[in-house]
Amino acid sequence: MTDLPPARLLAIETSCDETAAAVIEDGRALVSSVVASQMELHAHYGGVYPEVASRQHVLSIVPVVEQALAQAHITLADVDAIAVTRGPGLAGSLVVGVNAAKGLALGAGIPLVGVNHLEGHIYSAWVYDAGEVPPPEPQFPLLALLVSGGHTELNLMTDHLTYKRLGSTLDDAAGEAFDKVARLLGLSYPGGPSIQKAAEEGDPTRFKFPRARLEGTWDFSFSGIKTAVLYEGRNFEKAGKHLPVADMAASFQAAVVDVLFGKTLAAAREFGAKEILVAGGVSANRALRQAFKSQTEFPVHIPRIALCTDNAAMIGAAGYFRYALGHVSEMDMDVQPTWPLS
Ligand code: KG4
Ligand code: ZN
């Protein structure tokens, strides 16, 4: 993409429980990235408490933006455009970031770029640290597996900002399944990292949890496996035995990874993709990363762990391509909490 204009963006992300800001150049070179996590606030409730989240965003947004600019050694006068997540996400959280971005863009007299959070996750694969040798850019057609707490989708990307949604989850998202199963197993929130940790000590072959392959579609379903874990747990309870948490976590993780990996590879073959991209919070999962890295059929792009979960760098990357390709937003842009976005 050498023919796109150079630009430095300030990006803001407040769709859920992280207040984040970043400075990124030309959609790839990450100059600074600040993420203020609210994880400890919400852990107490076993999940994200929306009202608490939006109030915390209000407190954190200004210091987080200031920190991102300071770490990049720039001021707002050095920024060409402001990218912000407009959805999907929690309405009360989104509105904090969107209004901060509008105020900054208006004040500085620079364009505002509304970014879809899911598009942001996909573009996290374009990001590298400024000063490093740029890794190869993902090549189209690209098969993108997006696995987050709220979404699980297979998208065929034929060009920048051009997606064909092949399938998505019919019930729980993959991350949601990790979170719910963690709760069933008495593990702490957020469930993904807890299950991964418990699974390290476990036998992934002990329980044969169902793999919903939904043959003939590119859709997913994770509610059945969640129920299977619940029933298996009850059997142990009824027998007065301790839950074999590590083996259950490992067997659950293996089943989810099996389905995600298998369907993504099949879709890449079917749609003639050149490369595969895996993004979203669940792409931080070691077993999932390992599955993709152990195959040699397709080059695979998986962001580094810090860019898998919510951050503003990815919003800046997607925002750059939107900005450079002429998709600037109006100042009356509203939040769009639900998918699909226009
Ligand atoms: O992308 P993300 O940070 O937020 C959303 O946009 O939803 O994803 C959060 C999800 C949570 O469900 C969390 O449990 C899951 O990603 N997650 C993981 C891991 N780290 C985070 N799931 C499995 N293994 C992990 N290591
Ligand atoms: Zn996310």
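None of the values given here were measured: they were computed from a predicted structure.

Cut-offs applied
- Residues numbered from 1 in each chain as written.
- Chains lettered and ligands numbered in written order.
- Predicted model: local features only at pLDDT ≥ 70, side-chain atom pairs only at ≥ 80, totals over all residues.
- Heavy atoms only, no water.
- Helix = DSSP H or I, 4+ residues; strand = E, 2+ residues; numbered from the N terminus.
- Rg over C-alpha atoms; globule rule 2.2 N^0.38 Å.
- Buried < 20%, exposed > 50% of the residue type's maximum accessible area, 1.4 Å probe, protein only.
- Contact = heavy atoms within 4.5 Å.
- Areas by Shrake-Rupley, 256 points an atom, 1.4 Å probe, with all protein chains shown as cover.
- Lys, Arg positive; Asp, Glu negative; His and termini not counted.
- Charge placed at Lys NZ, Arg CZ, Asp CG, Glu CD.
- Donors = N, O, S within 2.8 Å, 3.2 Å for Na, K, Ca; no water.
- Near = heavy atom within 4 Å.
- Polar contact = N/O pair within 3.5 Å; in protein donor to acceptor, adjacent residues only side chain to side chain.
- 1 Å grid on protein atoms, 1.4 Å probe; cavity = no way out; pocket = protein on both sides within 12 Å on 5 of 7 lines; lining within 4 Å.
- Sits in = over half its atoms within 2 Å of the grid points.
- Nonpolar A, V, L, I, M, F, W, Y, C, P; charged D, E, K, R; others polar.
- Domains from an automatic or database assignment.
- Buried area = accessible area lost by both parts, 1.4 Å probe.
- Salt bridge = Lys/Arg side-chain N within 4 Å of Asp/Glu carboxyl O.

### Overview of the overall build of the chain
Counting secondary structure elements, the chain contains 11 helices and 11 strands. Against the globule reference of 20 Å for 342 residues, the chain gives a C-alpha radius of gyration of 20 Å, in line with a compact fold. With the C-alpha coordinates of the chain rotated into their principal frame, the extents come out at 65 × 45 × 35 Å. For the chain, buried positions account for 54% of its 342 residues. Long-range pairs, those at least 24 residues apart, make up 73% of the contacts in the chain between residues at least 6 apart in sequence. Looking at the chain as shown, the accessible area adds up to about 14600 Å², and 53% of this sits on carbon and sulfur atoms. In the chain, which carries 26 positive and 37 negative side-chain charges, the distance between the mean positions of the two groups comes to 8 Å.

### Considerations on the coordination of the zinc ion (ligand 2)
Of the protein atoms, only His117 (NE2), His121 (NE2) and Asp310 (OD) coordinate the zinc ion (ligand 2), at distances of 2.0 to 2.1 Å. Sequence spacing of the donor residues for the zinc ion (ligand 2), all on one chain, is H-x3-H-x188-D. Of the two residues, His121 is situated in helix α4 (residues 117–123) and Asp310 in the loop between α10 (305–308) and α11 (313–324); the sequence distance between them amounts to 189 residues. When sorted by exposure, His121 lands in the same class as Asp310, which is buried.

### Notes on unusual backbone geometry
Working note: non-glycine residues mostly have negative phi, and peptide bonds are mostly trans. Between Gly87 and the following residue, Pro88, the backbone shows a cis peptide bond with an omega angle of -5°. Note that Pro88 resides in the loop between β4 (81–87) and α3 (91–108). The step from Tyr189 to Pro190 runs through a cis peptide bond, and the omega angle for that step is -5°. Among the structural elements, Pro190 can be located in the loop between α5 (174–184) and α6 (191–199). Of note, Leu161 is a non-glycine position whose phi angle comes to about 65°, a positive value. Note that Leu161 resides in the loop between β8 (152–159) and β9 (162–168).

### Notes on the site of ligand 1
Around ligand 1, 19 residues are found, and the nearest of them are His121, Gly149, Asp179, Gly192 and Gln196. Interatomic distance of 2.7 Å between a side-chain N/O atom of Asp179 and an oxygen atom of ligand 1. Considering ligand 1 on its own, with 550 Å² of exposed area, one finds that the protein chains cover 87% of that surface. Among the detected pockets, ligand 1 sits in the largest pocket. At the level of secondary structure, the elements contributing two or more residues to the shell around ligand 1 comprise α4, α5 and α6. No other element matches the four residues that α6 contributes to the shell around ligand 1. Classifying every residue of the shell around ligand 1 gives four nonpolar, 13 polar and two charged. Both domains that meet at the shell around ligand 1, namely domain 1 (8–127 + 306–324) and domain 2 (142–302), each give it at least three residues.

### Topic: the domain arrangement of the chain
Split by domain assignment, the chain resolves into domain 1 (8–127 + 306–324) and domain 2 (142–302). Placing a centre on the C-alpha atoms of domain 1 and another on those of domain 2 gives a separation of 27 Å. Across the boundary between the two partners, domain 1 contributes 20 residues, which contact 22 residues of domain 2. Buried area between domain 1 and domain 2, both sides added, is near 1600 Å², and the carbon and sulfur share of it is 73%. When residues of domain 1 are sorted by the area they lose upon contact with domain 2, Leu118, Ile122 and Cys308 head the list and together hold 34% of the total. Counting across the interface, domain 1 meets domain 2 through zero salt bridges.

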